[in-house]
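# Architecture at a glance
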Amino acid sequence: MEAVKDCGKIHSPTSTNVSTSPMRKRVKRLRENHLKLKYDGASIDRLRIETRVMSQTEDEPMVMRRAKVFAAVARQMPTVILPDELIVGHAGIKPLYEDVIPDDIPVLLAGKKITPVKEQVAYAFEDFDPEDQRALKEEIAPYWRGNGDWARTQLGSNLKVLPGYLKELFLVDDTAFPPKRSMIYTSFIKGGHYGHNSANYKKVLEVGLSGIAREAQEKLASLPSGNTKEKQFLESALTALEAAMEAGGRFAAQARKLAESEKDEARRTELLKIAQVCEHVPAQPARNLHEALQSIFLLQVLLYWESPRSMSQTPGRIDQYLYKYYRNDIDSGVLTAEEAQELFDCYFIKLSHVSYGSHISVGGYGPDGRDGTNEVSHMLIESMKHVRLVEPFFSILVHARTPESLLIRAAELSSFCSSHPVYLNADTLTTMMLARGTQGGPCVTLPLARQATPAGCYEPVIPGQDSGYMFGGFFNMAAVMELTLTNGYSRYYKKKIGMETGDPSTFTTFEELKDAYHKQLAHMMKHFNDASNLFERVFADLLPTPFESSVIEGCIEKARSREEGGALFNFKQIVGAGSTDAGDSLTAVRKLVYEDKTVSMKELCEALENNFEGHELLLKQLCKAPKFGNDDDYADEQVAWVSHIFAEEVAKQPNTRGGFSIPLGAPLQYYLFGGRVVGALPSGRSEWQALSDAWSPSAGCDTKGPTAVLASMGKIDNAELTAGVTLNLRFDPGFFKLKDGIRRFTHFIRSFADQGIFHVQFNMVDGETLRDAQKNPDQYRDLVVKVAGYSAYYTRLLKPLQDGIIARTEHKL
Amino acid sequence: MKRVRPLDYIPDPTSMLAMNVQKGLVHKIERFSLHDGPGIRTLIVMKGCPLRCHWCSSPYTQNPNPEILYIRSRCKGCGQCLETCPQKAITRSGAPSQVQTKRVLCIGCGDCVEVCVNQARELSGRYYTPEELFREIEKDEAFYRRSGGGVTVGGGEPTLQAEFVGDFLSLCRSHFIHAAMETCAFTSWEKLASLLDSLDLVYMDLKHMDEERHSEWTGVSNRRILENIRKAARRNQVVLRIPVVPGFNNTVENISASARFAKKLGNNLLRLELLPYHPFGIHKYEELERSYTLDAVQPPADEHMANLRAMVRSFGIDCQIGG
């Protein structure tokens with residue numbers, strides 16, 4: 001997660017002219033204005049509303065109270081329209097700011113800083129102006145503190161429900177409030193909703209919010225009398241929908257007001273057009289492309305208003321559901337292709353002004369199994385080339401029939417941008433969705449599976465049918481490795497926290513060790529899930545989302561919120577970290593202890609206990625043992641096994657909404673934190689060091705190049721990790737300068753898909769990486785750069801030549 | 001100025017004889033190679049070369065025997081290697097915490113590589129049977145298939161191990177894997193010809209048109225090279241490569257003489273590639289504990305390269321800068 005806004009790095013001179021259509025002046029201005037926007041820090045405006053409504057509605061059901069909070073927010077948020085905009089709306093008072101939420105209050109009052117995900121600019125209590133500080137302390141905090149246990153906040157409630165044996169695992173010190181969290185497991189113990197879902201955007205376009213409200217009314221009328229939970233939910237949903245339907249009108253009024261004083265004739269006409277559009281959507285069905293884009297954008301704003309800080313409210317595969325509006329407009333002459341391109345560009349710029357990580361995907365399958373690529377898919381890649389910002393997250397869904405032309409456009413974007421796009425395997429995606437049914441969920445039909453869309457980094461959801469992921473937390477497979485070799489004792493916590501799976505020096509075969517690891521993992525997983533289920537109930541009790549539930553299929557029909565299992569599909573994700581550390585450790589033990597017998601298990605454990613001090617030769621031997629990422633079956637086999645048992649154990653864990661858990665291989669930055677609580681491992685990793693990043697090879701351990709990494713990754717059953725798995729590949733942008741660089745890149749992407757790997761993202765090597773490699777050469781032994789017609793190991797070049805390559809990279813020679 | 005051919009090691013002819021003829025000595029296998037032919041390829045870097053070009057950016061490949069690379073920056077001077085070396089070839093050097101290898105004594109057994117805790121020593125040279133090598137390159141078959149890539153055998157000089165390379169190439173052929181070879185062409189016509197039928201593409205170096213300059217800078221005459229290029233171009237598709245080294249062969253006269261020669265090769269000449277001299281091989285001399293003699297040479301200017309390219313193109317020959 002990077003804090004930079006601009007992704008406009010151009011890596012290769014061949015790619016400066018890749019845009020097939022010129023960027024309109026308006027888009028250029030909007031982009032420049034966005035980059036000039038200052039981050040406005042945190043605001044308590046929403047929190048004031050929330051606190052007021054919550055304290056006035058104490059005796060009502062929680063779902064209704066939340067609906068009233070949402071309604072008040074939706075009616076009171078300012079309606080800002082910026083110059084040049086065609087698509088309007090903001091998640092907040094200002095384009096870039098962060099809402100303070102109740103869980104932040106004890107943190108702020110304790111004098112600690114909060115770092116928002118989106119802008120990564122930390123703020124503390126003293127950063128608020130004196131009036132806000134007073135309000136926070138005297139008006140807002142007292143309500144949420146309650147009788148002192150903060151049980152009205154998620155964090156307070158979580159601590160209350162957590163039994164002692166689990167508290168030990170999650171918290172280092174629970175005497176203070178907020179408590180010090182442990183890192184052996186983590187979960188979203190605080191912080192509001194997780195987002196990562198794709199609501200039924202298509203339905204909102206087709207029937208409007210008013211159509212959904214009608215359904216809710218009909219359902220309400222059909223219920224028997226009496227104040228049931230079902231009734232409470234439907235009434236709350238209607239309260240929320242009513243306020244949501246007014247949002248368009250409020251923006252329309254603002255546009256008309258601006259039009260009155262607008263001197264420029266052309267802009268006045270545009271503002272009146274904006275007013276017309278917003279008077280209609282999202283309350284009514286969209287009639288053309290402009291209305292459709294405005295409708296899905298305002299829907300996203302509304303979702304954020306209900307769940308501030310939620311990430312990746314995902315519009316998803318908009319090339320699939322917007323195509324008919326585009327086609328219609330072009331055929332009837334309402335719009336030219338250039339005007340449509342401009343609208344898409346304007347929409348993409350707006351995605352920086354809502355939740356973090358809006359994910360847009362193009363390509364993939366249609367519900368009938370045919371290739372889904374259309375003109376809009378191409379235009380959206382074009383928009384990415386024009387806009388070049390961190391938002392939106394952008395992926396290409398690749399399968400065997402993906403047209404080469406789409407991949408060429410995508411490869412041009414790769415040559416152009418440091419992180420866009422992500423490449424995802426549409427076949428593996430489909431298999432993953434079908435496999436969910438075998439893991440305890442309801443059966444997913446083939447057409448639904450083919451419509452799956454990535455949310456967040458890439459976590460697949462079935463748009464409009466999924467509850468949205470409830471975040472189960474990070475699970476540390478490297479820690480399990482340590483506990484297996486210490487009979488349950490944690491070197492960091494200096495106490496027994498795991499199961500007693502036996503003294504490892506008594507294991508006479510490698511299989512006994514693997515059995516112990518499996519048992520330890522299953523035991524830890526069970527505890528982990530117990531806690532995360534308790535947290536899930538706290539969500540349902542404190543933070544039901546009546547508005548979002550109304551735009552998820554199933555909730556109105558069952559008259560139940562998504563927190564109570566109203567959606568068709570109800571999954572929770574559990575995120576793994578350290579699979580490579582655990583797998584490489586098994587490989588090293590197998591080779592040195594059980595096969596070559598160069599060291600006894602006892603001696604190995606001693607070396608680990610002492611962080612290899614006095615055991616340097618052993619360390620070297622451990623480091624030299626085969627490692628994941630080099631297309632070596634001997635090593636890849638163990639990582640694949642760890643990955644498999646993780647997936648298997650996760651899939652056994654029920655959640656509290658009638659669904660199950662699904663495994664995810666995207667630990668984000670947890671690989672850094674998760675390493676801080678794990679001692680030395682047989683993989684050769686020293687104590688407290690970072691774990692390997694996601695499922696990728698350990699740093700510096702893959703020395704055979706990207707094709708070998710893909711081959712190793714292909715040996716992992718990607719499809720059984722049904723919430724997805726990350727593969728980050730370091731790549732020298734010099735590649736694109738080669739003869740046929742673009743074409744060879746598309747072939748590389750095709751070969752990636754051939755391996756059945758789900759995800760690949762390219763980290764283009766930049767000056768910063770190269771400088772870091774100069775400082776820490778051991779971490780970058782695998783770093784290959786393309787120079788002067790051949791490849792060279794960067795860290796072995798002479799310093800002046802290394803500097804020359806940095807200059808080349810940064811000056812975009 | 002007469003340049004002296006560097007000879008700071010003694011080739012050991014007995015090791016080649018003792019070697020099982022079925023095995024080939026490979027410096028390294030480079031997957032995802034992109035500079036040596038179409039598509040995504042695997043490059044096999046063979047050991048041993050009959051030439052001693054002063055600008056050589058790949059000195060690891062000159063020696064036909066396994067040898068040790070020493071990465072000085074990683075060495076902590078622990079002395080493990082001194083004790084392990086069966087030849088007693090390693091000694092403490094002048095600088096503290098550094099060692100030196102007497103290359104004359106070293107037999108390339110690799111024992112010191114095994115014991116080095118800091119990975120400061122590497123072995124260049126591993127023996128493969130043709131089947132073993134084929135199994136290695138087969139791993140990226142999916143990438144060849146998608147990209148129209150394949151295998152390129154380079155070096156070093158592959159024809160020094162012609163029998164092994166021939167067996168390996170016929171395995172590639174029988175599996176329909178595109179095969180290319182990079183050769184300096186200083187070899188007997190029989191050896192070269194024995195490989196040509198198994199090759200889809202041949203890269204041949206043309207270092208200088210003047211015989212005397214050629215032998216001064218490479219250690220050998222160019223007569224046999226020119227002859228082999230002419231003959232090969234009658235049977236195979238050929239790409240000519242000229243390493244453009246300032247002070248040696250970068251004159252307009254030499255390049256235009258080269259272009260005239262190339263023009264006569266006819267339709268089998270696909271193109272001529274001008275490879276600008278670069279200093280990215282200097283660290284390899286240090287790793288071999290050898291001295292580098294071209295310190296003063298700077299890479300040719302882009303403009304000069306562009307002029308040379310234009311000149312070659314004026315002969316009606318397809319020409320590019322870089323591989």
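Residues numbered from 1 in each chain as written. Chains lettered and ligands numbered in written order. Predicted model: local features only at pLDDT ≥ 70, side-chain atom pairs only at ≥ 80, totals over all residues.

Turning to the overall build of chain B, a few remarks are in order. Per the secondary structure count, chain B includes 12 helices and 13 strands. Here the C-alpha atoms of chain B give a radius of gyration of 20 Å, agreeing with the 20 Å that 2.2 N^0.38 yields for 323 residues. With the C-alpha coordinates aligned to their principal axes, the bounding extent of chain B is approximately 60 × 50 × 35 Å. Here chain B, with 323 residues, has 45% of them falling under the buried criterion. (Helix = DSSP H or I, 4+ residues; strand = E, 2+ residues; numbered from the N terminus. Rg over C-alpha atoms; globule rule 2.2 N^0.38 Å. Buried ≥ 20, exposed ≤ 12 C-beta atoms within 10 Å, placed from the backbone.)

We now examine the overall build of chain A. The helix and strand tally for chain A stands at 31 helices and 21 strands. The C-alpha radius of gyration of chain A comes to 27 Å, within 12% of the 28 Å expected for a compact globule of 813 residues. In terms of overall dimensions, chain A has a C-alpha envelope of 85 × 65 × 55 Å along the principal axes. Split into buried and exposed, the 813 residues of chain A put 57% on the buried side. The long-range share in chain A, meaning contacts at least 24 apart out of those at least 6 apart in sequence, stands at 77%. (Contact = placed C-beta atoms within 7 Å.)

Listed by partner, the interface residues are 27 residues for chain A and 23 residues for chain B. Of all the secondary-structure elements, those providing two or more residues to the side of chain A that touches chain B are helix 25 (616-624), helix 28 (706-714), helix 29 (741-754) and strand 21 (790-793) of chain A. Tallying contributions element by element places helix 29 of chain A first for the side of chain A that touches chain B, with 6 residues. Class assignment of the residues belonging to the side of chain A that touches chain B gives a composition of 13 nonpolar, 6 polar and 8 charged. (Nonpolar A, V, L, I, M, F, W, Y, C, P; charged D, E, K, R; others polar.)

Further remarks concern the sheet that holds strand 19 (residues 759-764) of chain A. Residue and element names in this part refer to chain A. Spatial ordering of the open sheet is given by 8-9-10-19-18, a layout of 5 strands whose pairing is mixed. Of all strands in the sheet, those with a lone pairing partner are strand 8 (359-363) and strand 18 (728-731), marking the two edges. With direction set aside, neighbouring strand axes in the sheet form an average angle of 30 degrees. With 4 bridges connecting them, strand 18 and strand 19 associate as parallel partners. Residue pairing in the sheet places Arg730 in a bridge with Asn763 of strand 19. (Pairing = 2+ DSSP bridges. Axes fitted to C-alpha atoms, helices over the stretch in contact; angles between N-to-C directions.)

Residues and elements named next belong to chain A. Closest axis-to-axis distance for the helix 14 (residues 337-350)/helix 15 (residues 375-387) pair is 9 Å, and the angle between their directions is 55 degrees. It follows from the interaxial angle that helix 14 and helix 15 lie oblique. By crossing handedness, the relation of helix 14 to helix 15 is classed as right-handed. Residue-level contacts link Ala340, Gln341, Phe344, Asp345, Phe348 and Ile349 of helix 14 to Met379, Leu380, Glu382, Ser383, His386 and Val387 of helix 15. Tallied by class, the residues present in the contact of helix 14 with helix 15 amount to 7 nonpolar, 3 polar and 2 charged. (Parallel < 35°, antiparallel > 145°, perpendicular 65-115°, else oblique. Left-handed = near helix turned anticlockwise from the far one by under 90°.)

With that out of the way, let us pick up the confidence of the model for chain B. Residues and elements named next belong to chain B. On average, residues of chain B score 90 in pLDDT, and 93% of them are at 70 or above. Every residue in residues 1-20 scores below 50 in pLDDT, and together they form 21 contacts with partners more than four places removed in sequence or on other chains. The ipTM value of the predicted complex is 0.78, and its pTM value is 0.87. (pLDDT = per-residue confidence, 0-100.)

Residue and element names in this part refer to chain A. Take Pro367: it is sitting in the loop between strand 8 and helix 15. Overall, Pro367 belongs to the partly exposed group, with 14 C-beta atoms counted inside 10 Å. A C-alpha to C-alpha distance of 5.4 Å links Pro367 and Arg450, two positions 83 residues apart in sequence. Excluding anything up to four places from it in sequence, Pro367 contacts Pro447, Arg450 and Gln451.

Let us now look at the sheet that holds strand 12 (residues 269-276) of chain B. Residue and element names in this part refer to chain B. In spatial order, the strands read 7-1-2-8-9-10-11-12-13; together these 9 strands make up an open sheet with mixed pairing. Sheet topology places strand 7 (126-128) and strand 13 (319-321) at the edges, where each strand pairs with a single neighbour. Strand-to-strand, the axes of this sheet are offset by a mean angle of 30 degrees, without reference to chain direction. Pairing of strand 2 (residues 41-46) with strand 8 (residues 150-154), which is carried by 4 bridges, proceeds in the parallel orientation. Bridge assignment links Leu43 to a residue of strand 8, and that residue is Thr152. Along the sheet, helix 4 (residues 130-138) contacts strand 1 (24-33), strand 2, strand 7 and strand 8; its crossing angle with strand 1, the most-contacted strand, is approximately 10 degrees.

Another aspect to go through is the packing of helix 4 of chain B against helix 6 (residues 162-174) of chain B. Residues and elements named next belong to chain B. Running from N to C, helix 4 and helix 6 cross one another at 45 degrees; their axes reach a closest spacing of 9 Å. Accordingly, the angle class assigned to the pair helix 4 and helix 6 is oblique. The element helix 4 and its partner helix 6 pack so that their crossing is right-handed. Contacts between helix 4 and helix 6 involve Pro130, Leu133 and Phe134 from the first element and Phe164, Asp167, Phe168 and Leu171 from the second. Grouping the constituent residues of the contact of helix 4 with helix 6 by class yields 6 nonpolar, no polar and 1 charged.

This part takes up the confidence of the model for chain A. Averaged over all residues, the pLDDT of chain A equals 89, while 93% of them reach at least 70. Throughout residues 1-18 of chain A the model reports pLDDT below 50, and contacts reaching past four residues in sequence, or to other chains, amount to 45 contacts.

What follows is about the pairing of strand 10 (residues 422-425) of chain A. As a general feature of sheets, a regular strand has side chains that alternate between the two faces. Residue and element names in this part refer to chain A. Residues of strand 10 alternate between two faces, with Val422 and Leu424 on one and Tyr423 and Asn425 on the opposite face, all of them buried. Relative to strand 10, strand 9 (residues 393-398) is paired through 4 bridges, and the arrangement is parallel. Looking across to strand 10, one finds that Ile396 is bridged to Tyr423. In terms of strand pairing, strand 10 meets strand 19 through 2 bridges, oriented antiparallel. Bridging from a neighbouring strand, Tyr423 pairs with Val760 of strand 19.

What follows covers the pairing of strand 10 (residues 201-205) of chain B. Residue and element names in this part refer to chain B. With 4 of 5 residues buried, strand 10 is to be regarded as a mostly interior element. Bridge count between strand 9 (residues 178-183) and strand 10: 4 bridges; the pairing is parallel. Opposite Ala180, over in strand 10, you have Leu201 as the bridge partner. Traced from strand 9 through helix 7 (residues 189-196) to strand 10, the parallel crossover comes out right-handed. (Right-handed = clockwise from strand over helix to strand, strands pointing away.)

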